Each structure stands twice: as C-alpha cells, then as structure tokens.
Amino acid sequence: DTGVSQNPRHKITKRGQNVTFRCDPISEHNRLYWYRQTLGQGPEFLTYFQNEAQLEKSRLLSDRFSAERPKGSFSTLEIQRTEQGDSAMYLCASSPGGGAGEKLFFGSGTQLSVL
Amino acid sequence: AQKVTQAQTEISVVEKEDVTLDCVYETRDTTYYLFWYKQPPSGELVFLIRRNSFDEQNEISGRYSWNFQKSTSSFNFTITASQVVDSAVYFCAFLRGFGNEKLTFGTGTRLTIIP
C-alpha cells in the first residue's frame, strides 16, 4: 500500500512565476486535501475534494490559487504570479471518505521558495 | 470560531523520562473530534489518535497515553519512557462534527529527546 505521493519535493521560483504541484493520494481514497504550513506553525486548511468535486475552499486561497482533481484521482495545485508570501510547505492528504472525523494520510509535502 | 492552543513551543527531556504535551481547545460545538499528529524531520504528518466529543475515556497505546477532559477543554498527550525516536513536532488538531472536513491545528510542540 503506497502512501500519498507529492511532487516535486522542493521548488524554487522567482516572484511572478507560476508553479504547479502534484499530489497522488492513496489508491481508492475519495477525499483529498491541501494544507499549507509555514515555519513554526501548524498546517492551515486550503481546500478539499470529494472525488472530483471541490467542496470547500479556505479564504486563504486567493484567486491566484487553483486546485483541480479532474478524474477523482490525482490533484494539482497551481499558484499563479507567485509572491514571496507564498513560500511555505504545501501538504497533501487523503482519506477514504466513508465517514466523519476520518484520520488523514499525509504526503511529505512540496517546499516552495519564492525568491 | 474554533481554536487550538499548544502553549509549549519546545520541550527537551532526557531519554527514558516521561513527558506530557498539553493541548487546550475552544469551541461552542457539542459534537467534534480531537486528534494528535506527529511530524518527524521527514515532514510527513503521521496520525496518532482520534477522540470524539462523546467519548472521554482515556486511552493507552504502548508508551503513549491520552487524557481527554471536557471540563477543562484539554486533550493532553503523555509519552512514558521516552526514546530518541520520539523526537518530532507534535500537533493537536480539532475538527467540527457533522460533515465538516477542515482540521484546525495548533502551532505544535517540538519535542527533543536527549540520549
């Protein structure tokens, strides 16, 4: 049983560039989540999908951020016109999606540095 | 709004000592879930435990134990006979019940076990 996979592990970009991250959840997990974590802080919720439907978005997710999960499997998170404040660890998680209060399975994250 | 407070930013103990990590939460909800996650240096958050608001029984799993007290809105985590492998950042998290999927994390406690 492979875990949640995120690519790339690290991304360095210049301010103003667009970046895209990929997340492959555990096979057959229906729910997929994106969180953002800055140094010394706990993860903050960004958005989540139930299959291909994006059901909730945080106010943290400005219009420069977009997430997709086109076939209910992998997901991408795109940040357009990156800013230095976007520098953070972007975490993906998945869960089976069969009930309330499920435990999440996290990937190792993508560390974004905006220069 | 929900809030999770982990007042201990960093703790260091000598190996084999017991250590307790504190977690206090604020909510007006009657149905909710509480979690503990471990984040080792690799970055991947690992689920440790989940409790729902109707189950105040304390739980023990090997060297780990959890004390849930609704009267004080606390969900503390104790490691007995600590080991170097316990060194990590530990996060307490809160989830509202009834279809909500947004986890609210505390700021974490960095635990260092000194050999």
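Structure: see above.
Summary of the structure given here. Note that this is a predicted model, so its numbers are computed, not measured.

Conventions adopted
- Residues numbered from 1 in each chain as written.
- Chains lettered and ligands numbered in written order.
- Predicted model: local features only at pLDDT ≥ 70, side-chain atom pairs only at ≥ 80, totals over all residues.
- Heavy atoms only, no water.
- Helix = DSSP H or I, 4+ residues; strand = E, 2+ residues; numbered from the N terminus.
- Rg over C-alpha atoms; globule rule 2.2 N^0.38 Å.
- Buried < 20%, exposed > 50% of the residue type's maximum accessible area, 1.4 Å probe, protein only.
- Phe/Tyr/Trp six-rings, centres within 6.5 Å; stacked < 30°, edge-to-face > 60°.
- Lys NZ or Arg CZ within 6 Å of the ring centre and 35° of its normal.
- Core = buried A, V, L, I, M, F, W, Y, C linked by side-chain atoms within 4.5 Å.
- Disulfide = S-S within 2.5 Å.
- Pairing = 2+ DSSP bridges.
- Contact = heavy atoms within 4.5 Å.
- Buried area = accessible area lost by both parts, 1.4 Å probe.
- Salt bridge = Lys/Arg side-chain N within 4 Å of Asp/Glu carboxyl O.
- Polar contact = N/O pair within 3.5 Å; in protein donor to acceptor, adjacent residues only side chain to side chain.
- Nonpolar A, V, L, I, M, F, W, Y, C, P; charged D, E, K, R; others polar.

### A closer look at the overall build of chain B
Item 1. For chain B, the count of helices and strands is 0 helices and 12 strands.
Item 2. Reading the helices (α) and strands (β) of chain B from amino to carboxyl end gives β-β-β-β-β-β-β-β-β-β-β-β.
Item 3. Over its C-alpha trace chain B gives a radius of gyration of 14 Å, about what one expects of a compact globule, namely 13 Å for 115 residues.
Item 4. Dimensions of chain B, computed from C-alpha atoms along their principal axes, come out at roughly 45 × 25 × 20 Å.
Item 5. Out of the 115 residues belonging to chain B, those deemed buried represent 46%.

### Section: the packing of aromatic side chains
Item 1. In this structure the tally under the stated criterion is 22 aromatic pairs over all chains.
Item 2. Aromatic pair Tyr35 of chain A and Phe45 of chain A: ring centres 5.7 Å apart, planes at 80 degrees, arrangement edge-to-face. With Tyr35 of chain A in strand E4 (residues 31-37) and Phe45 of chain A in strand E5 (residues 44-50), this residue pair connects regions lying 10 residues apart in the sequence. Per residue, the accessibility class of Tyr35 of chain A equals that of Phe45 of chain A, and both read buried.
Item 3. A centroid spacing of 5.0 Å and a plane angle of 5 degrees characterise the contact between Trp66 of chain B and Phe77 of chain B, whose relative ring orientation is stacked. Taken as a pair, Trp66 of chain B in strand E8 (residues 64-69) and Phe77 of chain B in strand E9 (residues 74-79) lie far apart in primary sequence, 11 residues in all. Taken as a pair, Trp66 of chain B and Phe77 of chain B share a single burial class, namely buried.
Item 4. Among the aromatic residues, those joined into a cluster by ring pairs are Tyr35, Phe45 and Phe106 of chain A together with Phe35, Tyr37, Phe47, Phe91 and Phe105 of chain B.
Item 5. In this structure, Arg22 of chain A is placed above the aromatic ring of Phe74 of chain A, and the distance from its NZ or CZ to the ring centre is 3.9 Å.

### Looking at the nonpolar core
Residue and element names in this part refer to chain B.
Item 1. Of all hydrophobic cores here, the largest spans 23 residues; its most connected members are Trp36, Phe77 and Tyr90.
Item 2. Broken down by secondary-structure element, the contributors of at least two residues to this core are strand E2 (10-14), strand E3 (19-21), strand E5 (32-39), E8, E9, strand E10 (88-96) and strand E12 (109-114).
Item 3. The leading source of residues in this core is E10, at 4 residues.

### Some thoughts on the state of the cysteines
Item 1. A complete count under the given rule lists 2 disulfides over all chains for this structure.
Item 2. Through a disulfide, Cys23 of chain A is tied to Cys92 of chain A; the S-S separation comes to 1.9 Å. Disulfide Cys23 of chain A to Cys92 of chain A: torsion about the S-S bond roughly -70 degrees, handedness left-handed. In this pair, Cys23 of chain A is assigned in strand E3 (residues 19-24) and Cys92 of chain A in strand E9 (residues 88-95), connecting sequence segments 69 residues apart. An identical accessibility class is assigned to Cys23 of chain A and Cys92 of chain A; each is buried.
Item 3. The side chain of Cys23 of chain B participates in a disulfide bridge whose partner is Cys92 of chain B; the two sulfur atoms lie 2.0 Å from each other. Across the S-S bond linking Cys23 of chain B and Cys92 of chain B, the dihedral sits near -65 degrees, which makes this disulfide left-handed. In this pair, Cys23 of chain B is assigned in the loop between E3 and strand E4 (24-26) and Cys92 of chain B in strand E10, connecting sequence segments 69 residues apart. Comparing Cys23 of chain B with Cys92 of chain B shows no difference in burial state: the two are buried.

### A word on the pairing of E10 of chain B
Residue and element names in this part refer to chain B.
Item 1. For E10, the buried fraction is high: 8 of the 9 residues fall into the buried class.
Item 2. Looking at chain direction, E5 and E10 are connected through 8 bridges and run antiparallel. Its bridge partner lying in E10, Tyr37 is registered against Phe91.
Item 3. Two strands pair when backbone bridges link them, and E10 and E12 are joined in this way by 3 bridges, in the antiparallel orientation. Bridging across to E12, Ala88 finds its partner in Leu111.
Item 4. Where E10 lies against strand E11 (residues 104-105), 2 bridges are found, and the strand directions are antiparallel.

### Some words on the interface of chain A and chain B
Item 1. Across the contact, 22 residues belong to chain A and 20 residues belong to chain B.
Item 2. At the boundary of chain A with chain B, total buried surface from both sides reaches about 1,700 Å², with 52% on carbon and sulfur atoms.
Item 3. Area buried by chain A at its contact with chain B is led by Pro43, Gly101 and Phe106 of chain A, which between them contribute 28% of it.
Item 4. Where chain A touches chain B, the interface holds 1 salt bridge.
Item 5. Arg31 of chain A serves as the salt-bridge partner of Glu101 of chain B, at 3.0 Å between the closest nitrogen and oxygen.
Item 6. Scanning the region where chain A abuts chain B turns up 7 residue pairs in polar contact (both at pLDDT 80 or more).
Item 7. The element that contributes the greatest number of residues to the side of chain A that touches chain B is E4 of chain A, accounting for 4 residues.
Item 8. Partitioned by chemical class, the residues of the side of chain A that touches chain B number 9 nonpolar, 8 polar and 5 charged.

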